[in-house]
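Here's the letter readout for the chains.
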Amino acid sequence: MSINSRKTIDHLLLLMTIAVSGFPFFSSTVLFIPLFIVLFTVFLLRKRKFDTVFVLAIIFLVFITAMQTVVFNFFSIQTSAGVFLRLINGYLIIKILRDNFANYYVNILFGLSLISLIFYIPIILLPGFDLFLIKIASFMDVLNIADSDADSLIIYTLHHLTLSRNTGPFWEAGAFGGYLVIAYIFNRFSKSKKKKTKEFLILVTILTTFSSTAYFVIFFFIFAFYFRYIKNFFIKISFISLLTVMGYFVTFELPFLGNKVSTQVKDASQVNNPYLDSTNSQRFLSILRDYEDFKGHEFFGRGSNPITRYSYDPDNQIRTVGLTDILVRMGLPYFLFMIFLLHRSMKYFTSFYNFNGAIYYNSFLISIILTLMSQVYFNHPVFWSLLFLSCVYRK
């Protein structure tokens, strides 16, 4: 069997981008520069051209950065370079792979899912196997470029063993769930080989992450995707009722999710000052803190450097909600511009695969927005790629 060298290289380039976007040992802004050099070199060798929408995104970001510098009288070259390289690397990988991006992404996440289950199942079934793997992981620390505290085998992270959650190769199980959700949606729309096999394995792997956000988003997307196919009114009502009950049960009644959600809501409701009354980093408190940060900086945002990003105690802050985090960092105008680019990309993408109709691209968009309630995904280049799908998925 002959090997397609370009296809192999393209898969490796995307794997590199994903690794820098979430593998603990490689999730470092230091690696954004070599990644940029590699991607930009391939971009030039393949004679790709820049798109107007990308140029506008860069110009707008330059303006926002300049205004933040004026407002805070502070500028960090390192932080700003990281912000721009996230966007640029996300764009470059899209332009290199063109309309193969989604299929190659699914292929890689399918492979990572299979690898994760090869580790996850024995860890659950064989007492002591996790400790054996942790000993092996100690030898991998020589590759720990990002200086991560995680025990990692590179292709699998031993981070949530006590919680029996499947983290895959990412920094935590919830993050793995988010990347899997994107793979599932890509696979649902695309015309890839072994589509049903990939869909089944990805869904099984999502279940092993025990991520409440991933569960909720998958329930929502499946409901929205198939709702249009139901013609009978009474079946539609029954379908809505069934999914509503199932969604409620999964979110609030299952022990591992119900207790988590109810506890977080209770903790957030008892807080008067989200900065001073609690140090918990759970999502609802994170949203309240972001609200405090956002006030007074609605137009130009606070930037990404901790010195300007947070209202209080910048050295000890963690944000876990990507949607409100990017709003605070960029400000409302640029945030809305990003939503516009996402909406445009979802519309072009679904139309490219002949899924015409607002229900398809809007369900994709809402799924992305809901996924952002789990992690700060825009800290990573591959998520910026989603803004530029419209540059390559055109009929």
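Structural notes, computed from the coordinates. (Residues numbered from 1 in each chain as written. Predicted model: local features only at pLDDT ≥ 70, side-chain atom pairs only at ≥ 80, totals over all residues. Heavy atoms only, no water.)

Phi is positive for K47, close to 55 degrees, though the residue is something other than glycine. Position of K47 relative to the elements: it lies in the loop between α2 (32-45) and α3 (52-72). Classification of K47 as exposed rests on a relative accessible area of 72%. Notably, N73 is not glycine yet its phi reads approximately 50 degrees, a positive angle. Assignment of secondary structure puts N73 in the loop between α3 and α4 (77-97). Take N73: its relative accessible area is 71%, and that puts it in the exposed class. (Helix = DSSP H or I, 4+ residues; strand = E, 2+ residues; numbered from the N terminus. Buried < 20%, exposed > 50% of the residue type's maximum accessible area, 1.4 Å probe, protein only.)

It is worth spelling out the nonpolar core at this point. L14, F101, Y105, F186, F189 and F388 are the most contacted members of the largest nonpolar core, which totals 95 residues. The contacts of F186, once residues within four sequence positions are left out, are F101, A102, Y105, V106, F349, F364, L386 and L389. Ranked by size, the runner-up nonpolar core spans eight residues in total, among them Y120, L133, Y156 and L158. (Core = buried A, V, L, I, M, F, W, Y, C linked by side-chain atoms within 4.5 Å. Contact = heavy atoms within 4.5 Å.)

On the surface, D141, D147, D149 and D151 cluster together into a patch of negative charge. As for its position among the elements, D147 is in the loop between α6 (129-137) and β1 (151-152). (Patch = residues over 30% accessible without salt bridge, like charges linked within 9 Å, V, L, I, M, F, W, Y side chains within 5 Å. Areas by Shrake-Rupley, 256 points an atom, 1.4 Å probe, with all protein chains shown as cover. Salt bridge = Lys/Arg side-chain N within 4 Å of Asp/Glu carboxyl O. Lys, Arg positive; Asp, Glu negative; His and termini not counted. Charge placed at Lys NZ, Arg CZ, Asp CG, Glu CD.)

A few words on a nonpolar patch on the surface. On the surface, a cluster of nonpolar side chains totalling about 380 Å² of accessible area is made up of I121, I124, L125 and L126. For I121, the position within the fold is in helix α5 (residues 101-125).

What follows covers the packing of aromatic side chains. Taken as a whole, this structure holds 46 aromatic pairs when the rule is applied. Pairing F50 with Y91 gives two aromatic rings, centres 6.3 Å apart and planes at 20 degrees, and the pair type is stacked. Here F50 is found in the loop between α2 and α3, whereas its partner Y91 is found in helix α4, with 41 residues between them in sequence. Take Y91: its relative accessible area is 0%, and that puts it in the buried class. (Phe/Tyr/Trp six-rings, centres within 6.5 Å; stacked < 30°, edge-to-face > 60°.)

This part takes up the pattern of salt bridges. Per the counting criterion, the structure on display carries 10 salt bridges. Measuring nitrogen to oxygen at the nearest pair gives 3.3 Å for the salt bridge that ties E292 to K295. The exposure class assigned to K295 is partly exposed, which follows from its relative accessible area of 40%. For R319, the salt bridge identified is with D293, shortest N-O distance 2.9 Å. Linking R319 in the loop between α13 (306-309) and α14 (322-330) with D293 in helix α12 (residues 283-294), this pair joins segments that are 26 residues apart in sequence.

The next point concerns the environment of A66. Tracing the chain through its elements places A66 in helix α3. Taking C-alpha positions, A66 is 9.3 Å from F300, a pair spaced 234 residues apart along the chain.

Our next topic: α3. With 21 residues, α3 extends 30 Å from end C-alpha to end C-alpha; this agrees with the ideal 30 Å at 1.5 Å per step. Directly beyond the C-terminal end of α3, a positive phi value near 50 degrees is found at N73. (Expected span 1.5 Å × (residues − 1).)

Our next topic: the side chain of N166. Mapped onto the secondary structure, N166 falls in the loop between β2 (157-158) and α7 (173-189). For N166, the side chain forms a polar contact with the side chain of S116, separated by 3.1 Å. In this view, N166 contacts S116, L117, Y120, Y156, A173, F176, T205, T208 and T209; residues no more than four positions away in its chain are not counted. (Polar contact = N/O pair within 3.5 Å; in protein donor to acceptor, adjacent residues only side chain to side chain.)

Taking 1.5 Å of rise per residue, 17 residues should cover 24 Å, and α7 covers 25 Å from first to last C-alpha, within 8% of that figure. In terms of burial, α7 is a largely internal element, 17 of the 17 residues being buried.

One way to put it is that helix α1 (residues 5-20) packs onto α5 with a least axis distance of 10 Å and a crossing angle of 70 degrees. Classified by the interaxial angle, the pair formed by α1 and α5 is roughly perpendicular. In this structure, α1 crosses over α5, and the sense of that crossing is right-handed. Listed contacts from α5 to K7, D10, H11, L14, L15 and I18 of α1 are F101, Y104, Y105, N107, I108 and L109. (Axes fitted to C-alpha atoms, helices over the stretch in contact; angles between N-to-C directions. Parallel < 35°, antiparallel > 145°, perpendicular 65-115°, else oblique. Left-handed = near helix turned anticlockwise from the far one by under 90°.)

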